[in-house]
Amino acid sequence: MQTATAPAIPANRQKFYDRLSPKAMAPLWEVLKGLVPEQPKSKFAPHVWKFAEARPLLMEAGDLLTAEEAERRVLVLENPAMPGGSRITATMYAGYQLIMPGEIAPAHRHTASALRMVLEGNGGYTAVAGELTEMKRGDLVITPAMTWHDHGQKEQKPVIWVDGLDLHMVNFYEAAFMDHFNDKTQIMSKPQGHSDAMFGSGLGPMQPFSPFGQTSPIFNYSFSKARPALMQVAGANPPDAHLGHALRYVNPQDGGWAMPTIATWLTHLPKGFETKAMRSTDGRTIVVLEGEITIEADGKTFTAGESDVAGIPSWVWTKVRASKDAIYFSFSDRAAQEKLGIYREERK
Ligand code: GTQ
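Before going into details, it helps to say that this report is about the structure given with it.

With respect to the sheet that holds strand S9 (residues 149-153)
- The strand order across the open sheet formed by five strands is S7-S6-S9-S4-S11, and the pairing between neighbours is antiparallel. At either margin of the open sheet sits one strand with a lone partner, and together these are strand S7 (131-135) and strand S11 (178-180). Averaged over all pairs of adjacent strands, the angle between their axes in this sheet comes to 25°, without regard to strand direction.
- Sheet topology note: the strand S4 (residues 104-110)/S11 ladder contains three bridges and is antiparallel. Residue pairing for S11: His110 is matched across the bridge by Met178.

See the structure below:
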């Protein structure tokens, strides 16, 4: 757009530029404004994906191919401003994943960190680094970088969750590796509940150790713990004007975000409550777990109900209103941005 309004390049300058390009050089002054913008202007659009539309398509995919054939049977949530980009926001990948009864999504590992927000189908499981965890609606299950993980469903109903991965951040740095395990499932070396017992009860091992580096050693933040905590806090305190009632998922090792790149938190808004406008440099994804919200982002209004997913780009003024008592999960690249010292927010 800047080039459209920019004055034509004088012939002598253009001649000079033409001599630069064969030498793999270019004049900064032609591109400076785009390289160093005055403020973020996201290329991405705010958008809501309706679970009622996604679910039947996901089930059709279930008929088309097995989880094993697909490796991961996922409908990628494509930001409408960048079809084919496999991005929900600038840096985050998200998708609805389906496992059919009896299926296994085979074990692999990769540099990208992953989270799952479980929507449907108790009885599904994820195994991470030799430990299995059952997946129940609202559970946040995380897969630290380079840990073996496989998914499956033992019961007679489909399992569906939302995947969030930092793979675009990893790919941006051209730092991505991935391996396949030599078997469909990994060997279980720890009993179920082991990580939670060791790290998730307000206690910790006497000899400090961090099995997953900078990622939290708790890999299932269960909704059965998170929901009552959120509601108890909400019952005892007034909501924050911009955040509502919000609690973040914490790495018990250092008090920081649960994942080194991805910030995750849980919000409750009482029916009728509307947050004040806020904008921040992180690109945010919302998964509605209960009730219904209306999101006003960049001057557009979207409604998101249970299991719907919203993508909100960087630096757009955003307000959220609860049309029904609502609980929703959010993830964003804020954790990475804070480490890089670039995160900013503004509140009205
Ligand atoms: O479950 O490991 O949606 O590797 C995309 C890539 C899920 C996974 C995705 C993956 C996974």
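Focus on the site of the ligand
- If you check the shell around the ligand, you find Arg72, Val74, Tyr93, Gln97, His108, His110, Arg116, His149, His151, Asp163 and Leu165 and nothing else.
- Contacts to the ligand include Tyr93, whose side-chain N or O atom sits 2.6 Å from an oxygen atom.
- Contributing elements (two or more residues each) for the shell around the ligand: strand S3 (93-99), S4, S9 and strand S10 (159-165).
- Residues that form the shell around the ligand fall into these classes: three nonpolar, five polar and three charged.

Quick notes on the nonpolar core
- Ranked by internal contacts, the top residues of the largest apolar core, which has 46 residues, are Tyr96, Tyr249, Leu266 and Phe329.
- Going through the elements one at a time, helix H4 (51-64), S3, strand S5 (114-120), strand S8 (140-143), S10, helix H8 (223-236), strand S16 (284-297) and strand S19 (318-332) are the ones with two or more residues in this core.
- Leave out the neighbours within four places in its chain, and Phe329 touches Leu115, Met117, Leu140, Tyr249, Thr264, Trp265, Leu266, Thr285, Ile286, Val287 and Leu289.

Considerations on the pattern of salt bridges
- Under the counting rule described, the total for this entry stands at 16 salt bridges.
- Residue Arg116 is joined to Asp163 by a salt bridge in which the shortest nitrogen-to-oxygen separation is 2.6 Å. Of the two residues, Arg116 is situated in strand S5 and Asp163 in strand S10; the sequence distance between them amounts to 47 residues.
- A relative accessible area of 2% means that Asp163 is categorised as buried.
- For the salt bridge of Arg279 with Glu346, the shortest nitrogen-to-oxygen distance reads 2.9 Å.

Cut-offs applied
- Residues numbered from 1 in each chain as written.
- Predicted model: local features only at pLDDT ≥ 70, side-chain atom pairs only at ≥ 80, totals over all residues.
- Heavy atoms only, no water.
- Pairing = 2+ DSSP bridges.
- Helix = DSSP H or I, 4+ residues; strand = E, 2+ residues; numbered from the N terminus.
- Axes fitted to C-alpha atoms, helices over the stretch in contact; angles between N-to-C directions.
- Near = heavy atom within 4 Å.
- Polar contact = N/O pair within 3.5 Å; in protein donor to acceptor, adjacent residues only side chain to side chain.
- Nonpolar A, V, L, I, M, F, W, Y, C, P; charged D, E, K, R; others polar.
- Core = buried A, V, L, I, M, F, W, Y, C linked by side-chain atoms within 4.5 Å.
- Buried < 20%, exposed > 50% of the residue type's maximum accessible area, 1.4 Å probe, protein only.
- Contact = heavy atoms within 4.5 Å.
- Salt bridge = Lys/Arg side-chain N within 4 Å of Asp/Glu carboxyl O.

Remember that the coordinates give geometry; whether it matters functionally is a separate question.
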